[in-house]
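An overview of the molecular structure
Chain by chain, the residues:
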Amino acid sequence: MQHHSVIIAGGGPGGLGVAATLEGWHPRFTGDYQFPSNEVQAFAKTNESNPLAFDPHELIDLGHRPIEFYRMRHHPEQDALPLDQWTLGFTKNPRIDWLILTTDAPGGLWNNVPRQQMTLGPAHWMELAHYSIGKFYEDSGRERDLNDLVHRDDLVTYYHAYAEKLGLNDHIQTGMKVTNISPADDDISGRFIVEAENQSNGEITTFSSDYVVFGVGPRSKLRTLNAKGLDQNYVSYAYTHPEDYPNDRVLVIGGGRSADWAAQELHDAGRMVVYVMRQKPESHLKLINDSRYLPYYRRWAEIISGEQERMGLLYESSVRAFGDDGVVTISTPEGLIQVQIDHVVVEIGGDPDYQILEQFGELTFHTKSDNFRFQLNQLVVDQATFESVDILGLYPAGYSAQGTGLSVIGFHAGCFLIAGDILRKLGAV
Ligand SMILES: Cc1cc2nc3c(=O)[nH]c(=O)nc-3n(C[C@H](O)[C@H](O)[C@H](O)COP(=O)(O)OP(=O)(O)OC[C@H]3O[C@@H](n4cnc5c(N)ncnc54)[C@H](O)[C@@H]3O)c2cc1C
């Protein structure tokens, strides 16, 4: 059985940041910086050459959240900092033995989002500090404003460049789906057994490890519709581009941002769209109004206030059945209706796949949601280390740890808590 000190499940922004730190890219604070409290400032100064070496519980004792300690150095202000004003630097140290097992290429779900997808926030919110997106833009000759939204083509290329630049690729196995994580028996070296399925040939490989980073992402278990005929060939579960739906009439099911994106893009590409949502109109209008800082929600406001000749909005409705020849039965407040369509796009989101951890019994969750309409159950963790309170040695990365925001800017600094704790336990800092 292959053994690694650390196995990271998932190669999205959550897993990649931990991997880079374990690869030896350790943070340091440089130049002039200021924390709001004098005690924390003095603490930072004392530890600035190796801010992974101390026990972050000391920060909690000073009344400061450890994740904020790193986040404040990475993002000290709202706008992007010019590269020469960064007070967070990195020093290369020896690597420890880690391996990423992941289904997609580096960058996680961004590899599969719609072809024209833009982010919800500025470029620098999406970056991982070890190799900034500003430096990537500079290195790749891209002339971009760091405070602008990013097109997914740039973002995916950035995450790929990040893995390449920091020397991570030799330790990332793609096309591998972690199917089960369980406690190891006493006679096996390591604390965990990790089973992974090769997605191209179905072969199962079993690994052992001392630590596990659980970074499978917020959509690793897609929700399923409660409707008949889900296997009709006109039903699709991964929207990428209007070209995939060449005929005129498309039914979109959802109501969150991904469904909004699909419905709008199909509408603007000239399709006749029927958009079915469970939510009330007020709730959808609130999302549209609250999101007007985004160009694609300003476009939604236009569509809603226009004639809507090609956009049929069915609120408080749900699909009951997909029949033959594109006949779909929908339950609406006015009763059951049937429409005939050419394609169906289902965009109802997902949840973190906690079933992978079922062998550990009941887990303690914290329910989290935010103004961006993201919501999920996060694992309760020690706020100084992000180690699970239920499974010692296991660290949720990305959103699945309690105490992060629900965006890359919110969770990225968690990689320093996780990697720092593992490195201290291994005596490597
Ligand atoms: C359309 C869309 C737009 C978004 N816009 C923004 C935005 O603007 N700003 C923002 O901050 N966030 C945004 N998000 C949220 C997005 O989740 C984060 O940007 C980020 O990708 C989360 O990183 P992660 O590493 O936690 O998860 P992911 O990016 O999901 O990465 C996890 C990876 O692990 C893989 N995986 C899943 N299960 C397994 C398994 N069992 N074994 C191995 N690998 C597995 C996944 O397929 C994925 O490749 C958006 C999400 C979507 C869908």
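Bear in mind the structure is a predicted one, so any value in this text is a computation, not a measurement.

**A word on the packing of aromatic side chains**
For any pair of aromatic rings, the description rests on two quantities: the centre-to-centre distance and the angle between the ring planes. Counted under the stated rule, the structure contains 26 aromatic pairs. Between the aromatic rings of Tyr 70 and Phe 416, the centroid separation amounts to 5.4 Å while the plane-to-plane angle is 40°, which identifies the pairing as tilted. Placement of Tyr 70 in helix 4 (residues 66–74) and of Phe 416 in helix 11 (residues 414–425) is noted, with a sequence separation of 346 residues between them. Relative to Tyr 159, the ring of Tyr 158 lies with its centre 5.2 Å away and its plane at 50°, an arrangement referred to as tilted. Residue classification places Tyr 158 among the buried positions, given a relative accessible area of 0%. You can call Tyr 159 buried: its relative accessible area is 0%. Aromatic rings pair up to connect Phe 29, Tyr 33, Phe 35, Phe 43, Phe 54, Phe 69, Tyr 70, Phe 90 and Phe 416 into one cluster. Across the ring face of Phe 35, the terminal group of Arg 73 is positioned such that the distance to the ring centre comes to 4.8 Å. Cation over ring: Lys 92 sits above Trp 25, and NZ or CZ is 5.7 Å from the ring centre.

**A look at the sheet that holds strand 13 (residues 249–254)**
An order of 12-19-13-14-15 is seen for the five strands of this open sheet, with the pairing classed as parallel. Two strands bound the open sheet, and with one partner strand each, they are strand 12 (235–236) and strand 15 (311–314).

**Here's the deal with the site of the ligand**
Around the ligand lies a shell of 35 residues, among which Thr 103, Asp 104, Leu 120, Val 178 and Tyr 399 are the nearest. Measuring from an oxygen atom of the ligand, one finds a side-chain N or O atom of Thr 103 at 2.8 Å. Contact with the protein chains hides 93% of the accessible area of the ligand, taken as 970 Å² for the molecule alone. Mapped onto the shell around the ligand, the elements with two or more residues apiece are helix 1 (13–22), strand 5 (118–122), strand 8 (176–183) and helix 10 (408–411). For the shell around the ligand, the class distribution of residues is 16 nonpolar, 16 polar and three charged.

**What to know about helix 8 (residues 281–290)**
Along helix 8, the residues classified as buried are His 284, Leu 287 and Ile 288. The buried residues of helix 8 occupy an angular sector of 100° when projected down its axis, which confines them to one face. Residues of helix 8 that are exposed and angled more than 90 degrees away from the buried face: Glu 282 and Lys 286. Buried residues in helix 8 make contact with helix 7 (257–268), strand 14 (272–277) and helix 9 (295–305).

**Some remarks on the pattern of salt bridges**
Per the stated rule, a full pass over the model turns up 20 salt bridges. Of the charged contacts in the structure, one is a salt bridge between Arg 115 and Asp 244, with a shortest N-O distance of 3.9 Å. Note that Arg 115 is positioned in the loop between strand 4 (98–101) and strand 5 and Asp 244 in the loop between strand 12 and strand 13, a separation of 129 residues in sequence. Judged by relative accessible area, Arg 115 falls into the partly exposed class, the value being 35%. Note on Asp 244: relative accessible area 39%, which makes it partly exposed. The salt bridge partner of Asp 290 is Lys 286, with a shortest N-O separation of 2.5 Å. A residue pair is termed a helical-turn pair when its members lie 3 or 4 positions apart in one helix, as Asp 290 and Lys 286 do in helix 8 at four residues. It is possible to trace a salt-bridge network through shared partners that takes in Glu 387, Asp 421, Arg 424 and Lys 425.

**Thoughts on the domain arrangement of the protein**
Under the domain assignment, the protein is made up of domain 1 (2–220 + 351–425) and domain 2 (224–346). Between the C-alpha centres of domain 1 and domain 2 the distance comes to 34 Å. Domain 1 puts 14 residues into the contact, and the matching count from domain 2 is 18 residues. Overall, the association of domain 1 and domain 2 removes approximately 1,200 Å² of surface from exposure, summing both partners, and the carbon and sulfur fraction of that is 51%. Broken down residue by residue, the surface that domain 1 buries against domain 2 is led by Arg 115, Leu 120 and Arg 373, which jointly contribute 47%. The tally of links between domain 1 and domain 2 comes to two salt bridges. The interface formed by domain 1 and domain 2 holds three residue pairs in polar contact (both at pLDDT 80 or more) in total. With three residues, strand 5 is the largest single contributor of residues to the side of domain 1 that touches domain 2.

**Regarding the nonpolar core**
Counting residues in each nonpolar core, the largest one holds 69 residues, and the members touching the most others are Leu 22, Phe 69 and Leu 168. Setting aside its immediate chain neighbours within four residues, Leu 168 contacts Leu 16, Ala 19, Ala 20, Glu 23, Trp 98, Tyr 162 and Ala 163. One finds Val 273, Leu 294, Tyr 296 and Tyr 315 within the second-largest nonpolar core, a separate group that totals 24 residues.

**Some details on the environment of Glu 39**
Mapping Glu 39 onto the fold places it in helix 2 (residues 38–47). Glu 39 gets classed as exposed once you look at its relative accessible area, which sits at 52%. In sequence terms Glu 39 and Leu 62 are 23 residues apart; their C-alpha atoms lie 7.1 Å from each other.

Cut-offs applied
Residues numbered from 1 in each chain as written. Predicted model: local features only at pLDDT ≥ 70, side-chain atom pairs only at ≥ 80, totals over all residues. Heavy atoms only, no water. Phe/Tyr/Trp six-rings, centres within 6.5 Å; stacked < 30°, edge-to-face > 60°. Helix = DSSP H or I, 4+ residues; strand = E, 2+ residues; numbered from the N terminus. Buried < 20%, exposed > 50% of the residue type's maximum accessible area, 1.4 Å probe, protein only. Lys NZ or Arg CZ within 6 Å of the ring centre and 35° of its normal. Pairing = 2+ DSSP bridges. Near = heavy atom within 4 Å. Polar contact = N/O pair within 3.5 Å; in protein donor to acceptor, adjacent residues only side chain to side chain. Areas by Shrake-Rupley, 256 points an atom, 1.4 Å probe, with all protein chains shown as cover. Nonpolar A, V, L, I, M, F, W, Y, C, P; charged D, E, K, R; others polar. Arc of directions from axis to C-beta. Contact = heavy atoms within 4.5 Å. Salt bridge = Lys/Arg side-chain N within 4 Å of Asp/Glu carboxyl O. Domains from an automatic or database assignment. Buried area = accessible area lost by both parts, 1.4 Å probe. Core = buried A, V, L, I, M, F, W, Y, C linked by side-chain atoms within 4.5 Å.

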